[in-house]
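Here are the chains, one letter per residue:
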Amino acid sequence: MGFDVIVKNGRVVLEDGVKNTDIGIKGEKIVKIQKGLSDPNAKIIDAKNSYVIPGGIDVHVHFVLPFCGTVSKDDFFTGGRAALHGGVTTVIDFAGQGQYDNLWQGIEEKMRIAEKNAACDYSFHIMVTGPKKIKDLDYEFKRLVDNGITSIKMFMIYESEGWQSDDADILKALETAKKYGITVMLHAESDKLIKYYINKYYPNGTKVNDAYGHAKTRPHVTEGEATSRAIRLAQAAESTLYIVHISAGETADHLKRAHEAGVLAFGETCPQYLVLDDSVFKKENGHFYGTCPQIKKKSDSKRLWKALKDGDLICVSTDTCTFDSKQKAMWEGDFTKIPFGLPGVETMIPVVYTYGVKKGVFSITHFAKLISTNPAKFFGLYPQKGTIKVGSDADIAVLDDKQTTVKASELYTNCDFSPYEGFKLSGFAKYTLLRGKVVIEDGKYTGKEKDGKFIKRKPYGYKLLDKPFKVQPKKYIYA
Ligand code: URP
Ligand code: ZN
Ligand code: ZN
């Protein structure tokens, strides 16, 4: 059999373990996995002594998002290129409902933006920001699934952006979503509690030069209350829920109990919640770290690592929403006005590889599950993506074990600072293949705009996960 590319002698991370073997690629697909492959006409990628993983799938990025009075800085080219340097080959971005009374026009708008210059593969979730405007939710959900979009995001905060849903909106979405195999993703923070804390600590509205105020007014209970409420809504509707960007240790406890009770509630966390803590807000440029939910305590990170290890959290994503120092300066000393979000897609794999695998928290196989296989399964991309298997897309990253000291000026993301500045990380991509095309070669970008394409997704992804989650609640969550 002839090959276009052979990845040779790597430590290939398969779903059932690591194997020293070769990967033969023809066109966009993996066609053979076997030691000793050869073809005089094939391009050879030397992966000796390196881990070879399925391309990362970051299911949570916001490229060119209009938010907090500005627009996030990474687009589908700069963000996609940064992703590829970090071994991520597919991203799922969030299209917005915007002013529309339907859920399709927003997708079409974002599609037009992405197809102009995407450097890596992509899909979209739709952010349902005006649920009461939608006339026929059944029609909208069916149209989404028919066109390969199988997840929506709703918000329990962001009243000021006009994005907030109430419990009744969320229940209705959960009820309707289960008919079509759609996942309802939730930004779970308690609007009422955040307002309570702001009023408690800043009764006169003075918030001058106090980035730490962001942390003070969003303690873990603000996420915990919203999450536990959301889980109960999912339990009532017997529907699938996915809590995004989990920051608080107690949220992992709520999910664990939900799983024990057979509730289909899942969740992700992000590198910023795993390796940073809220002392960052006391730094000179503490406001750079403003993101929602805010970065919590060391004890929260510890619990989140355990949840990743135990399977109570199923994915790591990034919530990439890049605002540079000029945009962050819009806060003018008021923490409620920080453009919320951080860059991250480029550093996700290095952070989780360095602090998860190299520090011995979990195996490289488990790592691949968290950053690629589970996201692919849960969000309907598997087995096209998320695995190294014959027949799958040849989305592959060869990780460089060399330690690099992170400098924002050397990253490819469109930002002039990095939350991980000075961190010593291993696991940036030495080679990245996107559907068989070598787009990172010896650490250099060799791809081009429009290499990325839209990937349709399938419904009911949760059914593919390892752990047997049951549909019917079996017992009380807090029995
Ligand atoms: O602060 C954040 N996370 N910005 C992006 C929007 C969101 O809530 O995910
Ligand atoms: Zn969010
Ligand atoms: Zn987000």
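That block above? That's the structure.
What you see is a predicted model; the values in this text were computed from it and never measured.

A. How the structure looks around the coordination of the zinc ion (ligand 3). Protein coordination at the zinc ion (ligand 3) comes from His-60 (NE2), His-62 (NE2) and Asp-319 (OD), with a distance range of 2.0 to 2.1 Å. In this structure, the zinc ion (ligand 3) is surrounded by 4 donor atoms whose angles at the metal cover 89 to 140°, and the resulting shape is irregular. Along the chain, the residues donating to the zinc ion (ligand 3) fall in the pattern H-x1-H-x256-D. A separation of 3.8 Å is found between the zinc ion (ligand 3) and the zinc ion (ligand 2). A residue pair is termed long-range when its members are at least 10 positions apart, and His-60 in strand β6 (residues 56-61) and Asp-319 in the loop between β15 (315-316) and α11 (325-328) qualify at 259 residues.

B. Here's a closer look at the environment of Gly-79. Position of Gly-79 among the secondary structure elements: in helix α1 (residues 78-85). Gly-79 gets classed as buried once you look at its relative accessible area, which sits at 0%. Discounting chain neighbours no more than four positions away, the residues touching Gly-79 are Phe-63, Asp-74 and Val-345.

C. Quick look at the pairing of strand β2 (residues 17-26). The sheet contact formed by strand β1 (residues 5-14) and β2 spans 8 bridges and is antiparallel. Looking at the pairing, Val-7 lines up with Ile-23 of β2. The turn joining β1 and β2, which pair antiparallel and follow one another in sequence, is formed by 2 residues. Here 4 bridges tie β2 to strand β3 (residues 29-33), and the two strands are oriented antiparallel to one another. In the strand pairing of β3, Ile-25 is matched with Ile-30. Remark: 2 residues form the turn of the hairpin made by β2 and β3, two consecutive strands paired antiparallel; Gly-27 in that turn has positive phi of roughly 60°.

D. Expanded view of the site of ligand 1. The environment of ligand 1 is formed by 13 residues, the closest being Lys-153, Tyr-158, His-187, Cys-292 and Asp-319. Within the side chain of Lys-153, a nitrogen or oxygen atom sits 3.0 Å from an oxygen atom of ligand 1. Side-chain polar atom of Asp-319 to a nitrogen atom of ligand 1: 2.6 Å apart, as the coordinates give it. Each residue belonging to the shell around ligand 1 can be placed in one class, and the counts come to 5 nonpolar, 6 polar and 2 charged.

Rules behind the numbers
- Residues numbered from 1 in each chain as written.
- Chains lettered and ligands numbered in written order.
- Predicted model: local features only at pLDDT ≥ 70, side-chain atom pairs only at ≥ 80, totals over all residues.
- Heavy atoms only, no water.
- Donors = N, O, S within 2.8 Å, 3.2 Å for Na, K, Ca; no water.
- Tetrahedral: all angles 85-135°; square planar, octahedral: opposite > 155°, others 65-115°.
- Helix = DSSP H or I, 4+ residues; strand = E, 2+ residues; numbered from the N terminus.
- Buried < 20%, exposed > 50% of the residue type's maximum accessible area, 1.4 Å probe, protein only.
- Contact = heavy atoms within 4.5 Å.
- Pairing = 2+ DSSP bridges.
- Near = heavy atom within 4 Å.
- Polar contact = N/O pair within 3.5 Å; in protein donor to acceptor, adjacent residues only side chain to side chain.
- Nonpolar A, V, L, I, M, F, W, Y, C, P; charged D, E, K, R; others polar.

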